[in-house]
Amino acid sequence: MRKLALVMVSMLALMAAAACGSDPTPTPVPEPTPTPVPPTATPTAMAMTDDPAPDPTPTPEPTVDPFVAEWEALIEAAQAEGELVAFICCGVGRGANIRNVLGVFEDKFNVSVVNSTGSSREQWDRVQAEREAGRYDLDVWMGGLRTSNARLLPGGALAPLKPLIFHPEALDEDAFFGGINYVDPEAQYVRPFVANASAAEFSYNSNNVNPADISSYWDLLDPKYKGRIVFQPWHIAGVTQTTAFFYWHPDLGTEYIERLHREMDPTIAPDARTAGEWTAIGQFDICFLGCEQAELEAEGLPVAEFTAGLAEGSRLSTGGNTLMAIDSAPNPNAQKLFVNWWLTKEGQTLMQQAELPMGGQDSLRLDIPKDDVLPANRRDPNKTYLYTEIDPDFPTKLDEAIVWVQGLYDELGLR
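The rules behind the values
Residues numbered from 1 in each chain as written. Predicted model: local features only at pLDDT ≥ 70, side-chain atom pairs only at ≥ 80, totals over all residues. Heavy atoms only, no water. Helix = DSSP H or I, 4+ residues; strand = E, 2+ residues; numbered from the N terminus. Buried < 20%, exposed > 50% of the residue type's maximum accessible area, 1.4 Å probe, protein only. Contact = heavy atoms within 4.5 Å. Areas by Shrake-Rupley, 256 points an atom, 1.4 Å probe, with all protein chains shown as cover. 1 Å grid on protein atoms, 1.4 Å probe; cavity = no way out; pocket = protein on both sides within 12 Å on 5 of 7 lines; lining within 4 Å. Points joined across faces, edges and corners; volume = space filled by probe spheres on them. Nonpolar A, V, L, I, M, F, W, Y, C, P; charged D, E, K, R; others polar. Salt bridge = Lys/Arg side-chain N within 4 Å of Asp/Glu carboxyl O. Pairing = 2+ DSSP bridges. Core = buried A, V, L, I, M, F, W, Y, C linked by side-chain atoms within 4.5 Å. Disulfide = S-S within 2.5 Å. Polar contact = N/O pair within 3.5 Å; in protein donor to acceptor, adjacent residues only side chain to side chain.

### Focus on the overall build of the protein
A count of helical and extended segments in the protein gives 14 helices and 13 strands. In the protein, which comprises 415 residues, the share counted as buried stands at 45%. Of the contacts made within the protein by residues no fewer than 6 positions apart, 75% connect residues no fewer than 24 positions apart. Taken as a whole, the protein presents about 21400 Å² of accessible surface, with 54% of it coming from carbon and sulfur.

Have a look at this one:
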């Protein structure tokens, strides 16, 4: 056993000596390939830092409402012009507070307003003479259909209004009674902004007439009213829409107009104010065709508009409340600004207040209060009205009615 142990020790010593004397080439060990991190993997290392991850979505540039930009630019351009010259006739133009309405526009936009005065006939004569001399002083016209369709349009005095209107409130079809309409043959020059209800086309002296006795226009041909009726000429500007109503009404027509003129010995007044005053003092019982009686009634005089309704029905009328843009306007930006503003909620609310304290016109806008509308003008949502003026053929029908009445007046020697 001792010999065996010595042999094993000797062998181990020889093996250790051999190992120390060798220098073999080591076998290279390949470096491990790093495992790629998938793109969707959460980068643990980045989460350990304070730097936020970059946002791949760019921040959008703030957008500007195209209308706001155009509106603000228009205001600036109108202010550079500094002035608007308007002719506001008839209904709203007679209001004592029209200056206040225009003052709101002036204060809001810093553009002064000059309101040219006079009747539509006088105004047209002046404008026509100025244009023939190469002068263009007027920007906006408000008046009746007779003047616009018979004088302004044929005389080339109007610019298309429709392309000027871009305010969203003025273009909202649902906001206007009957939608948006133009009342000229080409449907782009003359836009109404009022539709007044009219139960009847006459006023009466409340001391002399019992309204319960009248249920039809034909009742006014009663001999007791002979010599007791006053009206303006039926063929002059300002009353011709009413003339067309009688002329074209299937239950009235030319027979009614002729009998009224031939049998009832009527008196022709020089203007609506005078006719109203004559009725208020009892000189006449019945006053046809838009007599100015509201202010007289408010003063306590015995005159009132007939509101009970008649067998022939009720109609709507724009009266002298249509909006037009004059061609070759000296202040085109102020013109565009005004016609847009006038049709907005603010503009039309103020328009209805223009004849306070008696009340005013009933704007075509449906989305504004109606507290300031004269009761006789206010539309009843439960009634159906004849609104002839938005008929595309109305200008032609109006002309036919006026020509016929002028012939009747020539025959009777009336003026």
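### Overview of empty space enclosed by the protein
With the rule as written, the count across this model stands at 2 cavities of 30 Å³ or more. Along its surface, the largest cavity is lined by F176, G179, I180, N181, R191, P192, L364 and Y387. Its residues assigned to classes, the lining of the largest cavity shows 5 nonpolar, 2 polar and 1 charged. Roughly 40 Å³ of volume is contained in the second largest cavity.

### Remarks on the pattern of salt bridges
If you walk through the whole model with that rule in mind, you get 21 salt bridges. With a closest N to O distance of 3.5 Å, K108 and E346 form a salt bridge. Here E346 lies in helix α13 (residues 345–352) and K108 lies in helix α5 (residues 98–109), a separation of 238 residues in the sequence. Residue R135 is joined to D137 by a salt bridge in which the shortest nitrogen-to-oxygen separation is 2.4 Å. The class of D137 is partly exposed, set by a relative accessible area of 27%.

### A look at the pairing of strand β3 (residues 140–143)
What you see with β3 is no split at all: V140 and M142 on one side and W141 and G143 on the other are buried throughout. Sheet topology note: the strand β1 (residues 83–88)/β3 ladder contains 3 bridges and is parallel. Looking across to β3, one finds that A86 is bridged to V140. Looking at chain direction, β3 and strand β13 (residues 322–326) are connected through 4 bridges and run antiparallel. Paired with M142 across the strands is L323, a residue of β13.

### Concerning the nonpolar core
Counting 52 residues, the largest nonpolar core has F202, Y217, W234 and F288 as the members making the most contacts within it. Residues within four places of W234 in sequence aside, it is in contact with V239, T240, T243, F246, I257, L260, H261, F288, L289, I402, V405 and Y409. Among the nonpolar cores identified, the runner-up in size contains 46 residues, and L74, M142, A175 and L350 belong to it.

### Let's talk about the state of the cysteines
Under the criterion given, the structure shown has 1 disulfide. Each disulfide pairs two cysteine sulfurs, and for C287 the partner residue is C291, the sulfurs being separated by 1.4 Å. A torsion of -80 degrees about the S-S bond marks the disulfide between C287 and C291 as left-handed. Residue C287 shares its accessibility class with C291, and that shared class is buried.

### Here we look at helix α12 (residues 332–342)
Of all the 11 residues making up α12, 8 are buried; the element is thus mostly covered by neighbouring parts of the structure. When we look at burial in α12, the residues that qualify are A334, Q335, L337, F338, V339, N340, W341 and W342.

### Thoughts on the side chain of S198
Summarising the element assignment, S198 is placed in strand β6 (residues 196–198). At 2.8 Å, the side chain of S198 forms a polar contact with the backbone oxygen of A200. A polar contact is formed between the side chain of S198 and the side chain of E201, at a distance of 3.0 Å. Setting aside anything within four residues of it in sequence, one finds S198 in contact with E305, S314, R315 and A376.

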